[in-house]
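# Structural description and commentary
Chain by chain, the residues run as shown.
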Amino acid sequence: MNDLRNFLRAFACALLVGAIPSGLAYAGDNDDDDRHHGDKDFKIEVLSSKPYMVSGGDALVRVSVNDRKVKLGNVRIELNGANVTGAFVANAGARTLTGLVTGLRLGSNQLDVDAKGKGRGRADADITLTNYPIQGPIISGPQEFPFACTTATFVPFAGSPALGAPLDSDCSIARRVQYVYRSTANTFKSLPQPYSSLPADLAMTTTATGATVPYIVRLETGTINRAIYQTAILHNPNDAAPSPFAPPAGWNGRLIYPLGGGCIGGWYTQGPDLVTPLNNTWLSKGHAIATATLNTFGNNCNDLLSSETILMVKERFIESYGVPKFTIGTGSSGGAYQSNQTGDNYPGAFDGIVTMNSFPEVTTGMVPMHSSRLIELYLTSRPGRYTVDQVKAITGYLSVSAQQPNGTFPGQILEMSRVRGDRMDPRIDFPPEILPGVGPQFRYNPVTNPYGARADVYDHTVNVYGVIPNTPLPGAAKFAQRPLDNVGVQYGLGAMNGGKISLEDFLDLNANIGGVDIDFNRIAARTVHYPDATRRAYQGGRILSGGGGLASTAIITRSGGNDLLVQGDVHLRYHSFAIRQRLINANGHANNQVIVGNLAPSELLLDQMGQWLTAVVADASDRSRAEKVVANKPSDVVDACWTSATMTPPNTKIVETQMLGGTGQCTTLFPRGVPPEYVAGAPIALDIIKCQLKPIDMADYTVPFSAEQRTRLQGIFPNGVCDWSKKGVKQVKARTWASYGPSPVNQVFDVLNPSGRHHRKHDDDDDDD
């Protein structure tokens, strides 16, 4: 690891992040930044990325010749003044020229198109291509330090050598291509050379489009954005080399992008985990697969960095094989986070998503973990006061066991409290596998190393949230601001109003619940959010809105299913209903989403998504993309639950609208718990970080209060209680294609002048303070 270079990078990160401590707006406009000069004569499109987000020095470009008087052979294309017309392939019927433009310099590049039209003057058009290093970043801001490279131990395919030591401090390695094949014994094996003599045990496969081809896979491994990436696609090395103009004969045109779960330990490392692209079920059907180590949340629990990596890896794929007919993002748990947020924040990255153990995203996922920790500590201090049923009523969780001698209630509340430490306590989690790269000298300790690396979701996303002045010491600014708050939350309100706990229990709970400090130590006062961090969380899409790309995305959401698990689990069913409600709130409906039970066969869901998107692509009507997605949903893609996880009997599919308070068979078979915030009155969208407050209204309570109890209630909530009928504080509209640098397009920037007064504010930024 190049310590000097990484120190300078970290210093630059601190400078940039330190410059955004207050309210935000966005520079740039999504539509305008895709336009070019001269689009009346020629339409210039970058097919592999946004024109302002090119990486690695190349881009797949298509030029459409709009003027019928212009002959394709008369078109001349130049890059920075050099003739590159020879790189373009003409399609006479479509009147297009498509080419892989290479040799882009870092920064701005000018692509010019001109021609001599018969009986007319000279026509011309141009577009600016902005190129960034393949090592990144483009939109995620200054890169994290320290950062452990794992190429030395990463093995692309069993039996092949590891990638070896990195070539630089960005963890780069030379790109490697190897071929593997599926044997008649149903195993993947390395394809021996010479390729002209294929092995006798080579299997054949028939793809989803009916093509029968040798089951040989081209496996590419490299590094992009400091991640190790892999792509896999059917290709016989004896055929012509694949290209965007001659894709492999076995590829069915579909791309699946699997995303890995986790979050624990997801910081300061390149790897080592990666969802293998050698998936027999997918490859045998002709699907191509792409993924990267920073798309596994166990390595990187940061959806912004994951999305940037997805965009860059997909760009590489398109430049190698052409534009997919459609792309499906899929994953479980942390993979669901990434699928939802990338699909919403970067429209077009995914055409459809299939998620399992589904969550909306990380940020609101931390809220019940925070509450559960506080409730657990409170209950521990009150041994014997509450029964198991009362704890269930207070928390909303279904899995709670008898209180132990140490005061804890095993089950859901203890599990939620445990996992909060792995994600929210900056001192706890550095996995053993990354210790060589992030040794003790790098790690945060409030006493011995206050400037060290902090292991939590907020500090890992500091480019978004900004820093807290005078941390860890006066004159410095290092610790990330947090969008986390429980001021005004009336814990156990539903339990008291429902007669499950007494009024005295309710008052005692809320008087003593407390909050946490910046190191996640419990404190007597409630947790107070950082307003700027909360605004940024909404504005940049760190809190899923559902109104961006997801409005026109086909969505199959498979719920979690561990509501009754004795030891507890974070994968609960209510998260699926939160996603649905956010779609309804943003778009007026959720007709592009189906929710299925946790036993729905995942491969069936992927097949259904393929059928759905195939119909959408074939829809030649003038309907909008969002309308096409709804109109072409197959009749068998519906809300349902399954009684077992098999694809064959005795599995039974029960078609039934999935909802939180349903009374049908699915609800009976698979009960649904809720989080403490829902018991406290929050709506099921669960997208409010900091509630607006209202004066205490005794009509909100079903039990009578004495004068003394009213006085105590007022003392507990001196500024009022949550008004869940209103949107949250700083809950502004999310904007797509947000950048945190270095790309200036749609970049988040400070909107406060030195006097602290707003000097610029976007219309979408209105909020309630």
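You'll find the structure just up there.
The structure presented is a predicted model; accordingly, all values stated were derived computationally and were not measured. (Residues numbered from 1 in each chain as written. Predicted model: local features only at pLDDT ≥ 70, side-chain atom pairs only at ≥ 80, totals over all residues. Heavy atoms only, no water.)

Look at the link from glutamine 193 to proline 194: it is a cis peptide, with omega at 5 degrees. Counting through the fold element by element, proline 194 comes out in the loop between strand 12 (188-190) and strand 13 (204-206). Cis peptide bonds are those with omega within 30 degrees of zero, and the linkage from glycine 741 to proline 742 qualifies with 0 degrees. As for its placement among the helices and strands, proline 742 is situated in the loop between strand 30 (721-722) and strand 31 (748-750). (Helix = DSSP H or I, 4+ residues; strand = E, 2+ residues; numbered from the N terminus.)

All right, on to the sheet that holds strand 7 (residues 88-91) then. Pairing within the open sheet is antiparallel, and its 4 strands lie in the order 2-4-8-7. Edge positions in the sheet fall to strand 2 (42-46) and strand 7, since each of these pairs with one other strand and no more. Pairwise comparison of adjacent strand axes, ignoring direction, gives a mean angle of 20 degrees for this sheet. (Pairing = 2+ DSSP bridges. Axes fitted to C-alpha atoms, helices over the stretch in contact; angles between N-to-C directions.)

Before going further, it helps to spend a moment on the state of the cysteines. Applying the stated criterion across every chain yields a total of 4 disulfides. What pairs with cysteine 149 in a disulfide is cysteine 171, and their sulfur atoms sit 2.0 Å apart. Taking the torsion about the sulfur-sulfur bond, which here is approximately -80 degrees, the covalent link between cysteine 149 and cysteine 171 counts as left-handed. Here cysteine 149, found in the loop between strand 10 (122-132) and strand 11 (176-182), pairs with cysteine 171, found in the loop between strand 10 and strand 11; they are 22 residues apart in sequence, far enough to count as distant. Looking at cysteine 149, the relative accessible area reads 29%, which means it is partly exposed. Using a relative accessible area of 0% as the deciding quantity, one classes cysteine 171 as buried. With its sulfur 2.0 Å from that of its partner, cysteine 691 forms a disulfide with cysteine 722. Across the S-S bond of cysteine 691 and cysteine 722 the torsion is about -65 degrees, and the bridge reads as left-handed. Of the two residues, cysteine 691 sits in the loop between helix 16 (676-679) and strand 29 (693-694) while cysteine 722 sits in strand 30, which places them 31 residues apart along the sequence. Once the bonded cysteines of the chain are numbered in order along the sequence, the disulfide links fall as 1-2, 3-4, 5-6, 7-8. (Disulfide = S-S within 2.5 Å. Buried < 20%, exposed > 50% of the residue type's maximum accessible area, 1.4 Å probe, protein only.)

The geometry of helix 3 (residues 303-321) relative to helix 4 (residues 334-345) is characterised by a closest axis approach of 10 Å and an angle of 70 degrees between their N-to-C directions. With respect to their mutual orientation, helix 3 and helix 4 come out roughly perpendicular. Judged by the sense of rotation from one axis to the other, the crossing of helix 3 with helix 4 is right-handed. On the side of helix 3, the interface is formed by Asp303, Ser306, Ser307 and Ile310, while helix 4 contributes Gln338, Gln341, Thr342 and Asn345. Grouping the constituent residues of the contact of helix 3 with helix 4 by class yields 1 nonpolar, 6 polar and 1 charged. (Parallel < 35°, antiparallel > 145°, perpendicular 65-115°, else oblique. Left-handed = near helix turned anticlockwise from the far one by under 90°. Contact = heavy atoms within 4.5 Å. Nonpolar A, V, L, I, M, F, W, Y, C, P; charged D, E, K, R; others polar.)

The buried count for strand 25 (residues 554-558) comes to 5 of 5 residues, which makes it a mostly enclosed element. The two faces of strand 25 match: Ala554, Ile556 and Arg558 on one face and Ile555 and Thr557 on the other face are all buried. With 4 bridges joining them, strand 20 (residues 352-356) and strand 25 adopt parallel strand pairing. Across the sheet, residue threonine 355 finds its bridge partner in strand 25, namely threonine 557. Bridge analysis of strand 25 against strand 26 (residues 593-596) gives 4 bridges, and the strand direction is parallel. The residue of strand 26 that forms the bridge with isoleucine 555 is glutamine 593. Since strand 25 and strand 26 lie parallel, the crossover through helix 12 (residues 574-587) that links them has a hand, and here it is right-handed. (Right-handed = clockwise from strand over helix to strand, strands pointing away.)

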